[in-house]
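Listed below are the residues making up each chain.
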Amino acid sequence: MDYPIWNVAMGGGVLMAWVAITHVIVSHFAIGGGLIIVITETLAVKRSDPELRELARRSSLVLILVSTVFGAISGVGIWVVAGLISPGAISALIHNYVWGWAIEWVFFILEIVAALVYYTTWDKISKGAHLLVGWLYFIGAYFSLVVINGIITFMLTPGGWLESHAFWDGFFNPTYWPSLVLRTGIVVLMAVAFMLWPAFKASPDRRPDLVRYLGWWFLGGVFVSYAGYRWWEAVLPDTVTALFLGEAPTLAGLAATRSFTLWSLTLGLAVTVVALLLAPKLARGLTAILLMVGAFGFFGGYERLREGTRKPFLIHSHLFSNGLLVSQIDEINARGIAAHSGWVAAGDPAPEAFGGRIFVAQCASCHTIDGYQSIREALPTVADMELVAADQPSGMGAVHYREQCSRCHGDIEYQEMAEMMPTLEEIREDPEFIRELNLGMITMTLVELRDMGEEFADFEPGKQFDMRTLDRSYMPPFVGTEEEVEALALYLASLDRGETDVVATGGEK
Amino acid sequence: MNTDLIPALDAAGMPGPPWLFHFLLVFTFFLHLIFMNLTLGGTLMAFVANLRGGGRTADPNAVLAKRLMGVNTYAISLAITTGVAPLLFVQVLYQQYFYSGTILLGWIWFNMLVLLMIGYYAAYLHKKFRGPWLGVSALTFFGIAMTHVAVHLIHVQPEKWARFDANALAVLGDPTYWPRLLHFVLAAITFAALVAAWWAVRRARAGVDVEVNTAIAATAWRWGLWSTVLIMVDGFILLGVLPKPVLLGVMRGGLATLGPLTISILFGVGLLMMLARAKNPVENPGLVSGTLAALTLTIAVMTVTRHQVRVLYLDPFTSQFHPTIVPQWGNFILFALLLVAGLATVFWMIRRVLTSPAEGDEAA
């Protein structure tokens, strides 16, 4: 929170999602592709089967073009984007796991050199030497997953690390092995999704064989990844599963994501059984597209679930996604965010402008002004109040009330509220009064968010926090002095007048 | 010194002594430079050579361009791969400055990734279709060099962050920006030129396309000579425009800073003498190999000087922060062992490949 802020109109989270999703799909394909390609080549050599050999060869071109550069660049891209949108958070990860990443880099070197050699030595070296290179590629690629899996799973379930801060306690955390099994299945799904295309280029008489061959791989991948997924769910702490499982999950959106994830896998399974195994002659481009939809849907859904259940933390129970450490809450509440960050302290001292800088430091890593997770849409406005009061056509007042107000006033029915609130005419006559009212509501919410921080600070250190106990479990707390609460409230209330300080809304750089 | 805008040190502490990360940063950056030089210098040279070749496939310039872009098939991937490690270690040592510098550049820093992607695929498209793709590739790699110099100069000057926050492009007006950029670009061209000359000399002496390879060697050698002349001139300009405290720091740093600087200047002069000596490099294979080795050594020494200059730029700020050291020796030893084993495996694999040529049905 003490870094300058890169304010992206589309939202830093959206940008990260784009980079991360493309990277994980390509990087998992690079691993699974390595396995299937080298086994395919081994079989081709044993059976003297030129079509199998061509499948391996054609697939290796995709591997080299996609994984060695796109995979590598997008992997670096995750660091680049994380450094831009959550520098404190990525710094904390790197300071704890630099040697893990360094070890992964060693495997990455082996992977990339082997991939380049493998692709460029077809027809040029002996079969034995070529297969050796292929296997070394797979070893390098898979072990890079073995390492990075420890860091990724640590972020959601840090386990004993929360108490000991020891590297291996965090690395072999509760979800490490299930996640490794799950991702091992996923790498196969990704590889088949890509390799079907080169398989379609085989001669018409052999195409069904190759399609069926890949179908068996996909089927195996489905079972391994499903087993890994269920194991992953089973070892998650109750505090996490309660967010998306059970009759009344805390986060309904995540429960829907879980359904989507499993239905996507079912789609992939159905397409495989019908079009790849039972009737491979029917397999066409559409089949491959459906398989990709199923495989990517499952993978994307799982990643969304993993990220969503970790919210609002980057390292669960230790570091929030905006770079705030749980251990900093008391200190910043006492001294103020301006004492903590020179970027907040510097500039126009007027309360609204000051509040704008607080917004940038604390909220902008998740919220944009009008784009993704728009803060303006989340705030009460005079226009909202008019819609509720107007009730035109009849019944719409209740609808607007439910949409705009029930998050904070869930215990008050619409009719009851309608009797308490000013009429439409009164609102139009004195909108400033409504703005004052809204300012009060915003201030109350910020006070609640600040109180939430004290709950985090008071929690027993070394344990994973139970997010079910919080009203706004998806948000980091607000930290700062009472004066800073007021400044931020003034800034947020000013957004209703369309007054957005350029520093805070960020003009994009 | 006002440190208000500098973020706090990471609370997790440094997972090893700073000297270890300084060493790893310099060492891995040197590895990165080898492949980065081939990529950047090779692509720029190939672009010019391709134009001079005028579409005649047998023209030595066209062959040189094709050869340089052939090397780039490997060099681009390896430049990215070897770039990961210094990017990792700089975040451990200079997290407060590096992240701030990149954030102040914002989209420009992010677009470095886009340029890299375009540069690579344009190089691939050039091999397939020719057309304007080589120019696109050269332009994007040059853009990446500009971005890196910009982020470097911003991150080492926290006293100017408020100005860069208002206008990041103000970094282009930094007195050291253009000499520094030119220094890196010219070094990249020299390295790519000498690698091309060395390879052509080997081929010519092996009796392969002697006429073309002799012409390529001579052309590449001239590239190396003239870019080294320019580097020497630019290097002294760069030294002259360094901020006074930094320059004084270099001069007063004793053997630690003056040693590498003096060695690299002497190497530079030596390189010029070696490059000027041979009119026909094919007749002097030993000199060509020696020149390439001397250049590689110069790059290694200059990498040390570059790092020392960064340390001196940041000294007024870093001296006010005292990181907690939380060493993870066991993990470092595991990394070191795996690095040795990994590199040994790579060399063993390449050796096995080179000793297993096959053709026809015997081939993979």
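Only a predicted model underlies this, so the values are computations on that prediction, with no experimental measurement involved.

Caption draft 1: Quick peek at the overall build of chain B. If you tally the helices and strands in chain B, you get 12 helices and 0 strands. For chain B, the spread of C-alpha atoms along the principal axes amounts to about 65 × 45 × 40 Å. For chain B, buried positions account for 54% of its 364 residues. Within chain B, contacts between residues separated by at least 24 positions form 81% of all contacts whose residues are at least 6 apart in sequence. When the accessible surface of chain B is split by element, carbon and sulfur atoms take 70% of a total near 15700 Å². Counting 22 positive and 14 negative side-chain charges, chain B places the averaged centre of each group 6 Å from the other.

Caption draft 2: Spotlight on the overall build of chain A. In terms of helices and strands, chain A carries 23 helices and 2 strands. Across its three principal directions, the C-alpha atoms of chain A cover 85 × 50 × 40 Å. Buried residues in chain A amount to 60% of all 509 residues. Considering only residue pairs separated by 6 or more positions, chain A has 75% of its internal contacts joining residues 24 or more positions apart. A total accessible area of about 19900 Å² is found for chain A, and carbon and sulfur atoms account for 62% of it. With 33 positive and 53 negative side-chain charges, chain A shows a separation of 19 Å between the mean positions of the two kinds.

Caption draft 3: The arrangement of the interface of chain A and chain B in detail. Each side of the interface is counted separately: chain A has 73 residues, and chain B has 70 residues. Taking both partners together, chain A and chain B bury about 6500 Å²; carbon and sulfur atoms supply 77% of that area. Sorting the residues of chain A by area buried against chain B places H95, W99 and W105 of chain A first, and these three jointly supply 14% of that buried surface. Here chain A is connected to chain B by 0 salt bridges. Across the contact surface, chain A and chain B share 18 residue pairs in polar contact (both at pLDDT 80 or more).

Caption draft 4: Region of the structure containing the packing of helix α15 (residues 351-362) of chain A against helix α22 (residues 482-494) of chain A. Residues and elements named next belong to chain A. Running from N to C, α15 and α22 cross one another at 95°; their axes reach a closest spacing of 7 Å. Our classification of the angle between α15 and α22 gives roughly perpendicular. Each of P351, E352, F354, G355, G356, I358 and F359 in α15 lies in contact with α22, whose residues at this interface are E484, A487, L488, L490, Y491, L492 and S494. For the contact of α15 with α22, the per-class residue count stands at 9 nonpolar, 3 polar and 2 charged.

Caption draft 5: Expanded view of the nonpolar core. Among the nonpolar cores identified, the biggest contains 238 residues, and W99 of chain A together with F89 and F335 of chain B are the most heavily contacted of them. With residues near it in sequence (within four places) discarded, F335 of chain B still touches W99, A102, I103, W105 and V106 of chain A together with L24 of chain B. Core analysis: the second largest hydrophobic core is formed by 37 residues, F313, A364, L446 and A489 of chain A among them.

Caption draft 6: Quick look at the pattern of salt bridges. Residues and elements named next belong to chain A. Tallying each qualifying case throughout the model produces 20 salt bridges over all chains. With a shortest N-O distance of 2.4 Å, E233 and R258 are connected by a salt bridge. Of this pair, E233 sits in helix α8 (residues 207-235) while R258 sits in helix α10 (residues 252-278), placing them 25 residues apart in sequence. As far as the burial class goes, E233 and R258 line up, both buried. When the shortest N-O distance is used, the salt bridge between E307 and R310 registers 3.0 Å. Of this pair, E307 and R310 both sit in helix α11 (residues 285-310), 3 residues apart, which is roughly one turn of that helix. Residue classification places E307 among the partly exposed positions, given a relative accessible area of 35%. Within the structure, one salt-bridge network assembled from shared partners comprises R53, E54, R57, R58 and D123.

Caption draft 7: Broad picture of a nonpolar patch on the surface. Residues and elements named next belong to chain A. A surface patch of nonpolar side chains, about 520 Å² in accessible area, is lined by W197, L267, L286, I289, L290 and V293. For the nonpolar patch, the element with the highest residue contribution is α11, accounting for 4 residues. Mapping W197 onto the fold places it in helix α7 (residues 176-200).

Caption draft 8: Structural detail: the domain arrangement of chain A. Residue and element names in this part refer to chain A. Domain boundaries in chain A define domain 1 (12-320) and domain 2 (326-505). Look at where the C-alpha atoms of domain 1 and domain 2 centre, and you get two points 39 Å apart. Each partner contributes residues to the interface: domain 1 has 22 residues there, and domain 2 has 18 residues. The three residues of domain 1 that bury the most area against domain 2 are T239, P312 and F320, which together make up 29% of that side's buried surface. Between the two partners, domain 1 and domain 2, sit 0 salt bridges. Taken together, the links from domain 1 to domain 2 amount to 4 residue pairs in polar contact (both at pLDDT 80 or more). Listing elements by their share of the side of domain 1 that touches domain 2, those giving two or more residues are α1 (12-47), α5 (161-164) and α9 (238-241). Among the elements that take part in the side of domain 1 that touches domain 2, α9 stands out by supplying 3 residues, more than any other. Among the residues forming the side of domain 1 that touches domain 2, the class breakdown is 12 nonpolar, 7 polar and 3 charged.

Caption draft 9: Just the environment of S126 of chain A, in detail. Its place among the elements puts S126 of chain A in the loop between α3 (87-120) and α4 (127-156). Separated by 66 residues in sequence, S126 of chain A and S60 of chain A place their C-alpha atoms 17 Å apart. Those residues in contact with S126 of chain A that sit more than four places away from it in its chain are S356, A358, E362 and A364 of chain B. A distance of 3.2 Å separates the side chain of S126 of chain A from the backbone nitrogen of A129 of chain A, its partner in a polar contact.

Caption draft 10: View of α15 of chain A. Under the 1.5 Å per step criterion, the end-to-end length of α15 of chain A is 16 Å for 12 residues, consistent within 8% with the ideal 16 Å. Within α15 of chain A, 10 of the 12 residues are buried, which leaves the element mostly enclosed by the surrounding structure.

Caption draft 11: Here's a closer look at the side chain of T381 of chain A. Residue and element names in this part refer to chain A. Along the chain, T381 turns up in the loop between α16 (375-378) and α17 (382-390). Classification of T381 as buried rests on a relative accessible area of 13%. A distance of 3.0 Å separates the side chain of T381 from the backbone nitrogen of D384, its partner in a polar contact. Other than its neighbours up to four places away in sequence, T381 contacts R376, N438 and D496.

Caption draft 12: Spotlight on empty space enclosed by the protein. Scanning the entire structure with this criterion turns up 10 cavities of 30 Å³ or more. Taken as a whole, the largest cavity holds about 800 Å³ of empty space. Split into classes, the residues belonging to the lining of the largest cavity amount to 25 nonpolar, 6 polar and 3 charged. Computed from the structure, the second largest cavity encloses a volume of approximately 660 Å³.

Caption draft 13: Quick look at the confidence of the model for chain A. All names here are of chain A. Averaged over chain A, the pLDDT score is 90; the fraction of residues at 70 or greater is 98%. Of all helices and strands in chain A, the one with the weakest mean pLDDT is helix α23 (residues 502-505) (41), whereas α8 scores best (97). Predicted confidence is poor over residues 500-509, with pLDDT under 50, and the contacts of this stretch with residues over four places away or in other chains come to 31 contacts.

Caption draft 14: Highlighting unusual backbone geometry. In this structure, P312 of chain A follows K311 of chain A across a cis peptide bond, with omega equal to 5°. Among the structural elements, P312 of chain A can be located in the loop between α11 and β1 (313-315). In this chain, Q392 of chain A is followed by P393 of chain A through a cis amide linkage whose omega measures -15°. Mapped onto the elements of the fold, P393 of chain A is located in the loop between α17 and α18 (396-404). Its identity as a non-glycine residue notwithstanding, R130 of chain B has a phi of 60°, on the positive side. Among the structural elements, R130 of chain B can be located in the loop between α4 (107-129) and α5 (133-155). Exposure remark for R130 of chain B: the relative accessible area of 37% places this residue in the partly exposed category.

Conventions adopted
- Along each chain, residues carry numbers from 1 onward, in the same order as the chain's sequence is written.
- Chains and ligands are labelled by the order in which they are written, letters from A for the one and numbers from 1 for the other.
- Local features in this predicted model are restricted to residues of pLDDT 70 or higher, and side-chain atom pairs are both shown and tallied only at a pLDDT of 80 or more, whereas totals for entire chains, interfaces and linings draw on every residue.
- For side-chain calculations, the full set of non-hydrogen atoms in the structure is used, while hydrogens and water are omitted.
- Note on conventions: DSSP H or I runs of at least 4 residues are helices, E runs of at least 2 residues are strands, and numbering of each starts at the N terminus.
- Here's how the labels work: a residue is buried when its accessible area is under 20% of the maximum for its type, exposed when over 50%, partly exposed in between, all with a 1.4 Å probe on protein chains only.
- Here, residues are in contact when the closest pair of their heavy atoms is within 4.5 Å.
- Method for areas: the Shrake-Rupley scheme with a 1.4 Å probe, in which residue coverage is limited to the protein chains shown.
- Counting rule applied: Lys, Arg positive; Asp, Glu negative; His and chain ends not counted.
- Charge positions are represented by NZ for Lys, CZ for Arg, CG for Asp and CD for Glu.
- What counts as buried area is the accessible surface, traced by a 1.4 Å probe, that two parts surrender upon association, with contributions from both included.
- Salt bridges are defined by distance alone: a side-chain nitrogen of Lys or Arg within 4 Å of a carboxyl oxygen of Asp or Glu.
- Nitrogen and oxygen atoms within 3.5 Å of one another constitute a polar contact, given that in protein one can donate a hydrogen and the other can accept it, and given that sequence-neighbouring residues count only through two side-chain atoms.
- With axes taken as lines fitted to C-alpha atoms, and helix axes fitted only over the stretch in contact, angles between N-to-C directions fall between 0 and 180 degrees.
- Each angle receives one of four descriptions, namely roughly parallel if under 35 degrees, roughly antiparallel if over 145, roughly perpendicular if within 65 to 115, and oblique otherwise.
- Polar here means any residue other than Ala, Val, Leu, Ile, Met, Phe, Trp, Tyr, Cys and Pro, which are nonpolar, and Asp, Glu, Lys and Arg, which are charged; Gly is therefore polar.
- As used here, the term nonpolar core means buried Ala, Val, Leu, Ile, Met, Phe, Trp, Tyr and Cys residues forming a set that is joined through side-chain atoms within 4.5 Å.
- Patches here are clusters of residues that have more than 30% relative accessible area and form no salt bridge, with a 9 Å joining cutoff for like charges and a 5 Å cutoff for nonpolar side chains (Val, Leu, Ile, Met, Phe, Trp, Tyr).
- An automatic or database domain assignment supplies the start and end points of every domain.
- In a helix, the anticipated span is given by 1.5 Å times the number of residues less one.
- Lining residues are defined by having an atom within 4 Å of a point belonging to a cavity or pocket. Those points lie on a 1 Å grid over the protein atoms alone, cavities being sets where a 1.4 Å probe fits but cannot get out and pockets being open sets with protein on both sides within 12 Å along at least five of seven lines.
- Grid points are joined across faces, edges and corners, and a volume is the space filled by probe spheres set on the points.
- The score called pLDDT rates the predictor's confidence residue by residue, from a low of 0 to a high of 100.

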